[in-house]
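Here's the letter readout for the chains.
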Amino acid sequence: MDKATPDCPYPGCFFCVMKEGNPSKRRASILKFFRELPSQDEDGQVLPISGLWNTAMAHPNDPEFIELGIFECMAALIWKGLKNRRWLSHDQNIYIPYYAAHIIGSYTMNMEEFAERAVQAGVIPPLVELLRGRLTWVEQRVAIRALGHLATYPSTFPFVASHGEVLELSIQLALSSLEIVYSHFYQFVDTRMGYHCDLLTRGMGGVEMESKKAEEWASQLQCWSLQLINCFAFKPEFVSVICKPEFLTKLPAMWGGLVNENSPAGVGLLRTICHHKLGRGPVANCPGIIEALCNISRSSDDWQYMAIDCLLLLLQDSSTCHKVIDKAVPTLVDLTEISTLGDHKKLGDTIVNALQECVQTQGIGRTSFSAHTKELIDEVWNSRQRMKFEKNMLKEDLHIKQAAALVIKLEGNSLFSSGNIAGAASKYSEALALCPMRSRKERVVLHSNRAQCHLLLQQPMAAISDATRALCLHNPLNRHAKSLWRRAQAYDMLGLAKESLLDAILFINECSQANDPDPSLRPNKVPDYAEKLVKKQMRAAWLFREAAIKQGGVHCEGEAGDTCGEDADDSEWETASESDIANDGLEEMTDGGGGWKDDEERHNA
């Protein structure tokens, strides 16, 4: 161990140890290395630590280093960095606490037995010190990641929770992480710490790359904070600590920066809270949360089901139903024709059953709702009854209804082309009332057409409702390009930048996958109007926007000269190409399912 190879100047070099051919000698040397490393002050210690980091990232389930004491070594190195600032500032030792915490997190993310070994090795106290901000936000990021993994397992969660400040620190970090990274790194290029820049870009990027990675890491810092809080939220005894109004009201906006799709984000944490009766009350008392949940429930992203589940849990609780029903029902009614969402089968039926229960409990206790809400629930009930009735209809009678609906739709198209937008919307409504329920493709077209009318009539909420219904009816779910685009425009009218951005991006994705089955022949160019909207919403939904405004630096990433709050001339993409509606010809009826072939509805630019 103490001898270096001829081409290596470092006695006891870890990389030389790893080349040892004798397994027994190799293990003995690694064991000795882990035991002695924290007490050594030689230069070059960061090299083996970075090598261990690479190994942990590549092979997190390999037990060899766990058995030989890597957790004890990493915990000791973090303590050394916290207590000995002279050593920390020497050579490149400043990197070591970061790598050490990252190694702990990587080896504990999959294996509960590894997490148990880590707890026994005493990793939690030094990680908590990093979480408190004893060094910098960069070390906080990997500390909260590691603690989040340790809190995931039933056997190790109590050890994390025994450090009472962990939950409070995580809540504060979730609230302030974006401002911390903005003010301590992003805002002032000239004062950025060199080792932060190197860690962010691994030495291969300039200022632009550093800024981009800082946004990603800030998003991760917030998301991993939420992940750790979510572990606490499963335990009823911690719910009251989490359900403080100043924190709850911020949760819906914590989307993870549209980067961390595997994070529960704020909506995932809200869902966990809503599973507790103690948590549903505070959530229902924040009207802004319910409105945000409604928006996310209509979205086409990974958090849609979580938001729907939150609304259903609140509706099914007699103590919260009356507080949320008038806000939740319009959204849920639009979603009743979802068949399958991810792993969740017959979700639309689940929503319908919940709405029917609301009607049955009307007048019992405090459950009450407006006449409009009652009308919407009745509409759902009537649609279901109509569906049952149509199942017993003769095929010839269904064809008559189809033909009548088609004629009325064409009348609506003509009215639209002549500029009578309100008349066209009325005709599409008539067609929907006639169109057989099982003719889903044609109903997609009718709802999407009516959504476009609502847009031109400056009725964004009605447009969102129709576009959402079209997306729920479409197969595959949430992938009807024109409805995505129309809803993106409607969200923009309401100033909902993130929602608009998500739909615009999905619209672009659908355009790139459409038409030709050969990927090489598909159009690759992003439509100008879609690119313009995406750029606008990326500025408005910029991760650091709120922090920048608070700090007085309102300039956002984007086109030169653009600043937060400036509105571009959006007339190009807000104006419909009305003549396209006139191109809807008579569609042929199918022989099988009783619906029409999916015609190429109007394309609006």
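Above this text you will find the structure in question.
These figures come from a predicted structure and were not determined experimentally.

Novice: Whenever I open this one, the overall build of the protein confuses me. Can you help?
Specialist: On a plain count of helices and strands, the protein comes out with 32 helices and two strands. Residue burial in the protein is summarised as follows: out of 605 residues, 52% are buried. If you take every contact in the protein between residues at least 6 apart in sequence, the share linking residues at least 24 apart comes to 70%. Per element, the accessible surface of the protein, about 26800 Å² overall, is 53% carbon and sulfur.

Novice: Looking at this model, I keep getting lost on the side chain of histidine 454. Mind explaining?
Specialist: If you trace the backbone, histidine 454 turns up in helix H26 (residues 440-456). Of the residues examined, histidine 454 reaches a relative accessible area of 13% and is grouped as buried.

Novice: Hey, could you run me through helix H24 (residues 395-417) in this one?
Specialist: An α-helix turns once per 3.6 residues; consequently, residues spaced three or four apart project the same way. Taking 1.5 Å as the rise per residue, H24 with 23 residues should run 33 Å; its terminal C-alpha atoms sit 33 Å apart, in good agreement. Along H24, the residues that are buried comprise Leu398, Lys401, Gln402, Ala405, Leu406, Ile408, Lys409, Gly412, Asn413 and Phe416. Against the buried residues of H24 lie helix H23 (371-391), helix H25 (421-434) and H26. Just downstream of H24 lies glycine 419, where phi reads positive at about 95 degrees.

Novice: Sorry, what's going on with a nonpolar patch on the surface here?
Specialist: Together, Met461, Met493 and Leu494 give the surface a local cluster of nonpolar side chains, amounting to about 240 Å² of exposed area. Among the secondary structure elements, methionine 493 is positioned in helix H28 (residues 481-493). Residue methionine 493 is classed as partly exposed on the basis of its relative accessible area, which comes to 31%.

Novice: I tried to follow the pattern of salt bridges on my own but got confused; where do I start?
Specialist: Side chains that differ in charge, positive against negative, can pair when their charged atoms come close. Overall, the coordinates contain 27 salt bridges when judged by the stated rule. Between arginine 469 and aspartate 334 there is a salt bridge, and its shortest N-O distance comes to 2.8 Å. In this pair, arginine 469 sits in helix H27 (residues 460-473) while aspartate 334 sits in helix H21 (residues 321-334), placing the two residues 135 residues apart along the sequence. The same class applies to arginine 469 and to aspartate 334, which are both buried. In this structure, the salt-bridge partner of arginine 443 is glutamate 337, at a minimum N-O distance of 2.4 Å. With arginine 443 in helix H26 and glutamate 337 in the loop between H21 and strand E1 (340-341), the pair connects residues that are 106 residues apart, well separated along the chain. Among the charged side chains, a salt-bridge network with shared partners connects Glu129, Arg132 and Arg134.

Novice: Is there a simple way to think about the packing of helix H14 (residues 207-233) against helix H17 (residues 265-274) in this case?
Specialist: Packed helix pairs are specified by the crossing angle of their axes together with the interaxial distance, meaning the distance between the axes. Where H14 contacts H17, the two axes come as close as 9 Å, and the packing angle between them is 5 degrees. Here H14 is positioned roughly parallel relative to H17, judged by the angle of their axes. Here H14 contributes Leu226, Ile229, Asn230 and Ala233 to the contact with H17, which in turn contributes Ala265, Gly266, Gly268, Leu269, Thr272 and Ile273. Looking at side-chain class alone, the contact of H14 with H17 contains six nonpolar, four polar and no charged residues.

Novice: What's the story with the packing of helix H10 (residues 137-152) against H14 in this structure? I'm lost.
Specialist: Viewed as axis vectors pointing N to C, H10 and H14 meet at an angle of 30 degrees, and their least axial separation amounts to 9 Å. Here H10 is positioned roughly parallel relative to H14, judged by the angle of their axes. Between H10 and H14 the crossing geometry is left-handed. Contacts between H10 and H14 involve Trp137, Val138, Gln140, Arg141, Ile144, Arg145, Leu147, Gly148, Ala151 and Thr152 from the first element and Trp217, Gln220, Leu221, Trp224, Ser225, Leu228 and Cys231 from the second. Split by residue class, the contact of H10 with H14 holds ten nonpolar, five polar and two charged.

Conventions used here
Residues numbered from 1 in each chain as written. Predicted model: local features only at pLDDT ≥ 70, side-chain atom pairs only at ≥ 80, totals over all residues. Heavy atoms only, no water. Helix = DSSP H or I, 4+ residues; strand = E, 2+ residues; numbered from the N terminus. Buried < 20%, exposed > 50% of the residue type's maximum accessible area, 1.4 Å probe, protein only. Contact = heavy atoms within 4.5 Å. Areas by Shrake-Rupley, 256 points an atom, 1.4 Å probe, with all protein chains shown as cover. Expected span 1.5 Å × (residues − 1). Patch = residues over 30% accessible without salt bridge, like charges linked within 9 Å, V, L, I, M, F, W, Y side chains within 5 Å. Salt bridge = Lys/Arg side-chain N within 4 Å of Asp/Glu carboxyl O. Axes fitted to C-alpha atoms, helices over the stretch in contact; angles between N-to-C directions. Parallel < 35°, antiparallel > 145°, perpendicular 65-115°, else oblique. Nonpolar A, V, L, I, M, F, W, Y, C, P; charged D, E, K, R; others polar. Left-handed = near helix turned anticlockwise from the far one by under 90°.

Interpretation note: all reported values are geometric properties and have no functional meaning in isolation.
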